[in-house]
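Listed below, chain by chain, are the residues.
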Amino acid sequence: ANLPWRFKPAQSQVTLRAGETSLCFFRATNLSDEAIVGVAAYNITPMRAGQYFNKVQCFCFDQQRLQPKETVDMPVFFYIDPDFLEDPNMAGINTITLSYTFFRADKEQHRLPAYLQGMEPGARLHNPEPTAVAVGAR
């Protein structure tokens, strides 16, 4: 079964300079009539830019429990490492895209879902609306 959550970015784009910190939010709503615990896995594209994307604080570090019909704003505090500007492999990359996939945590023990333990995936919710991070020079 799918995870009955609605999940989308509160803003579609954040613009910052390499080395600056930024805070963005993702909004999640539990559409079901039961409390659900979920955990998020993130993705950065292009993949080669991922080494320069640094999350200081992220909702993806912890499991998230949403009560029935509850809506919460989940913060991500991050920066792009200034070394990004010096790496010739990053030439031409002006946008880094951050997206998340939510997985339902084990109902009984509230542990990481089987997918994150290297087994078959269970219920999941992919973020169809990622946040683009536009990166500029200093």
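**Q** Would you explain the pattern of salt bridges in this entry?
**A** Side-chain pairing between opposite charges can occur once the charged atoms of the two side chains come close. Under the counting rule described, the total for this entry stands at 3 salt bridges. The closest approach of N and O atoms between Asp 73 and Arg 27, which form a salt bridge, is 2.7 Å. Here Arg 27 lies in strand 3 (residues 21-30) and Asp 73 lies in strand 7 (residues 71-80), a separation of 46 residues in the sequence. Glu 34 is the salt-bridge partner of Arg 104, the closest N and O atoms lying 3.1 Å from each other. Here Arg 104 is found in strand 8 (residues 95-104), whereas its partner Glu 34 is found in the loop between strand 3 and strand 4 (36-45), with 70 residues between them in sequence.

**Q** How do you make sense of the environment of Met 74 when you look at a structure like this?
**A** Inspection of the secondary structure puts Met 74 in strand 7. Along the chain, Met 74 and Phe 25 lie 49 residues apart, while their C-alpha atoms are 5.3 Å from each other. When neighbours within four sequence positions are excluded, Met 74 is seen to be in contact with Phe 7, Cys 24, Phe 25, Phe 26, Ala 28, Phe 59, Gln 64, Leu 66 and Phe 102.

**Q** Just to check I follow, could you spell out the sheet that holds strand 3 for this structure?
**A** The strands that make up a sheet pair up through hydrogen bonds in the backbone, lying either parallel or antiparallel. Spatial ordering of the open sheet is given by 1-3-7-5, a layout of 4 strands whose pairing is antiparallel. Each edge of the sheet is formed by a strand with only one pairing partner; in this case those strands are strand 1 (5-9) and strand 5 (53-58). The average angle at which neighbouring strand axes cross in this sheet is 30 degrees, direction not considered. Inspection of the sheet shows strand 1 paired to strand 3 by 5 bridges, in the antiparallel sense. Directly across from Arg 6, in strand 3, lies its bridge partner Thr 29.

**Q** Looking at this structure, how should I read the environment of Ala 35?
**A** Its place among the elements puts Ala 35 in the loop between strand 3 and strand 4. According to the relative accessible area criterion, Ala 35 is partly exposed, its value standing at 25%. As for Ala 35 and Pro 68, which are separated by 33 residues in sequence, their C-alpha atoms are 5.1 Å apart. With sequence-adjacent residues up to four places away left out, Ala 35 is seen in contact with Asn 30, Arg 65, Leu 66, Gln 67 and Pro 68.

The rules behind these values
- Counting restarts for each chain, with residues numbered from 1 along the sequence as it is written.
- A pLDDT threshold of at least 70 governs which residues receive local features in this predicted model, and a stricter bar of 80 or more applies before side-chain atom pairs are shown or counted, although totals over entire chains, interfaces and linings include all residues.
- For side-chain calculations, the full set of non-hydrogen atoms in the structure is used, while hydrogens and water are omitted.
- Here, a salt bridge means any side-chain nitrogen of Lys or Arg that lies within 4 Å of a carboxyl oxygen of Asp or Glu.
- What counts as a helix is a DSSP run of H or I of at least four residues, what counts as a strand is a run of E of at least two, and both are numbered from the N terminus.
- Two residues form a contact once any of their heavy atoms are found within 4.5 Å.
- In this analysis, strands are considered paired if DSSP registers two or more bridges between them.
- Lines fitted to C-alpha atoms define the axes here, with helix axes fitted over just the stretch in contact, and angles between the N-to-C directions of these axes take values from 0 to 180 degrees.
- Partly exposed describes any residue whose relative accessible area lies between the buried limit of under 20% and the exposed limit of over 50%, with all areas from a 1.4 Å probe on protein chains only and scaled to the type maximum.

All we've got here are geometric facts, nothing functional implied.
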